[in-house]
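Residues per chain, in single letters:
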Amino acid sequence: MSHPPLDARLEAVLSLICADTHADIGSDHAHLPIRLIWEGRIGRGVIVELNPGPLALARRNVVRARLEGVLEVREGDGFDPLAPGEVESASVTGMGAGTIAGILRRAGERRPPALVLQPNDSPAPIRVWAREHGYHLRAERLIPGYWPYPVLRLEQAGGEDPAYAGLPLAAALRYGPHLLREGSPVLRRQVWADVVRLTPLAAPGRTAQTELETAQAALEVLGGNGQ
Ligand SMILES: C[S@@+](CC[C@H](N)C(=O)[O-])C[C@H]1O[C@@H](n2cnc3c(N)ncnc32)[C@H](O)[C@@H]1O
C-alpha cells in the first residue's frame, strides 16, 4: 500500500515528532499517525476524534492500513480519552490557535511533555500559553501554503524559555523567536505584508499602531528591510 499523501504542512509536523507513544488529537483522516508508524517515528499511537464523520474515516483508514494493532482510535474531546502519562507526545494540527490553546488548557495532567502544534492562524496565543505553562519552544517552521502555516514543537522544561533571550518580546510572540532568528523569506514576506497593511490603519491608541510597532520591531531583528 502506498503511503498516505501529506501536504507540506503535515510533512513538517511529521519531521518534528519522534516518540515511543504519540497521540494525534483531531486527526480526521489519520494520515499523519499512519505515516508516523510507517516511518518508524512512533511505536504506538492513539488517535482522538470528536466528530462522528472524521472518527469513522480515521477508523476506516487505520483498518485499511492494517495498523489496528498499533494505532488505537478513540472518540472524545481533546485529551479526555487519554490517561495521564499514557503518551510521550501529542500533535494538534489544522485548527485555529484559540481552539488548540483551549484543548491544551483543558488537558491538565493528561498533557504530555512534548507537543507539536500547527494552528491555521497566528500562533501567538499558543506561544503565550507555553510560557505560562512550563513549555519551551524547541523548534518552529513556517510552511508556505494557502497562507503561511506555523508549526511549533514545545517541550516541558523549567525556568525561562531561552528561545526568547535578547529578542523584543511582542515581536517574538507574534512572529516566533526561532523564525525571527532564522529570517526565512516566508517570514520576511509575512512581516513586510503586515507593515504595508498596518501603516495606513495605524494611529495613536489604535490596535493597528501596536501591531505596526510589533512588525517594525520584527523588521529590525530581520535586518531592516524585510523584503
Ligand atoms: C480541520 S481538521 C484537521 C485534521 C488534521 N489534524 C489535519 O491537520 O489535517 C480538524 C479536526 O479536528 C477535530 N476536532 C475539533 N475539535 C476537536 C476536539 N476538541 N477534540 C478532538 N477532535 C477535535 C475535527 O472533528 C476535525 O476532524
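Residues take numbers from 1 onward in each chain, read along the sequence in its written order. Under the rules for a predicted model, residues below a pLDDT of 70 receive no local features and side-chain atom pairs below 80 are neither given nor counted, while totals for whole chains, interfaces and linings still include all residues. The basis for the side-chain values is all heavy atoms of the structure; hydrogens and waters are excluded.

Quick notes on the site of the ligand
Here comes step 1: The environment of the ligand is made up of 17 residues, and the closest members are Gly26, Glu49, Asn51, Asp77 and Thr93.
Here comes step 2: Here Glu49 contributes a side-chain N or O atom positioned 2.5 Å from an oxygen atom of the ligand.
Here comes step 3: The contact in question runs from a nitrogen atom of the ligand to an N or O atom on the backbone of Leu50, over 3.3 Å.
Here comes step 4: Expressed as a share of its isolated accessible area of 600 Å², the protein-covered part of the ligand is 81%.
Here comes step 5: Taken together, the residues that form the shell around the ligand break down as five nonpolar, eight polar and four charged. The cutoff for a nearby residue is simple: one of its non-hydrogen atoms must lie within 4 Å of the molecule or strand. We call two N or O atoms a polar contact when they sit within 3.5 Å, provided that within protein one can donate a hydrogen and the other can accept it, with sequence-adjacent residues counted only if both atoms are side-chain atoms. Only the protein chains shown count as cover for residues, and all accessible areas are computed by the Shrake-Rupley method using a 1.4 Å probe. Under the scheme applied, nonpolar residues are Ala, Val, Leu, Ile, Met, Phe, Trp, Tyr, Cys and Pro; charged residues are Asp, Glu, Lys and Arg; polar residues are all the others, including Gly.

What about the side chain of Arg111?
Here comes step 1: Looking at the element boundaries, Arg111 is found in the loop between helix H4 (97–107) and strand E5 (114–119).
Here comes step 2: Each residue's exposure class comes from its accessible area (1.4 Å probe, protein chains only) as a fraction of the maximum for that residue type: buried when under 20%, exposed when over 50%, partly exposed otherwise. Residues scored as positive are Lys and Arg, those scored as negative are Asp and Glu, and His as well as the terminal groups of each chain are ignored. Definition used for salt bridges: Asp or Glu carboxyl oxygen within 4 Å of a side-chain nitrogen of Lys or Arg. The charged side chain of Arg111 is buried without a salt bridge, its nearest counter-charge being Glu109 at 9.9 Å.
Here comes step 3: Those residues within four positions of Arg111 in sequence are excluded, and the remaining contacts are Leu104, Arg105, Trp129, His133 and Tyr135. For helices the rule is a DSSP run of H or I covering at least 4 residues; for strands it is a run of E covering at least 2, with both sets numbered from the N terminus onward. Here, two residues are considered to be in contact whenever any of their heavy atoms come within 4.5 Å of each other.

With respect to the pattern of salt bridges
Here comes step 1: Across all of its chains, the model carries twelve salt bridges by this definition.
Here comes step 2: The residue Glu72 makes a salt bridge to Arg74 at a minimum N-O spacing of 3.0 Å.
Here comes step 3: Close ionic contact of Arg74 with Glu86 constitutes a salt bridge, the shortest N to O distance being 2.7 Å. Linking Arg74 in strand E3 (residues 71–75) with Glu86 in the loop between E3 and strand E4 (89–95), this pair joins segments that are twelve residues apart in sequence.

Details of the domain arrangement of the protein
Here comes step 1: Here the bounds of each domain stem from an automatic or database domain assignment. What the domain assignment reports for the protein is domain 1 (8–160) and domain 2 (166–227).
Here comes step 2: On the domain 2 side, the residues contacting the 13 residues of domain 1 number 13 residues.
Here comes step 3: When two parts are brought into contact, each loses some accessible area as probed by a 1.4 Å sphere; the total of that loss over both is the buried area. Of the roughly 1,000 Å² buried between domain 1 and domain 2 on both sides combined, carbon and sulfur atoms contribute 66%.
Here comes step 4: When the area that domain 1 buries against domain 2 is broken down by residue, the three leading residues are Arg127, Glu140 and Leu142, summing to 52%.
Here comes step 5: There are zero salt bridges connecting domain 1 and domain 2.
Here comes step 6: Across the contact surface, domain 1 and domain 2 share five residue pairs in polar contact (both at pLDDT 80 or more).
Here comes step 7: If you list the elements that add at least two residues to the side of domain 1 that touches domain 2, you get helix H5 (124–132) and strand E6 (135–143).
Here comes step 8: In terms of residue count, E6 provides more of the side of domain 1 that touches domain 2 than any other element does, six residues in total.
Here comes step 9: Residue classes in the side of domain 1 that touches domain 2 are distributed as seven nonpolar, one polar and five charged.

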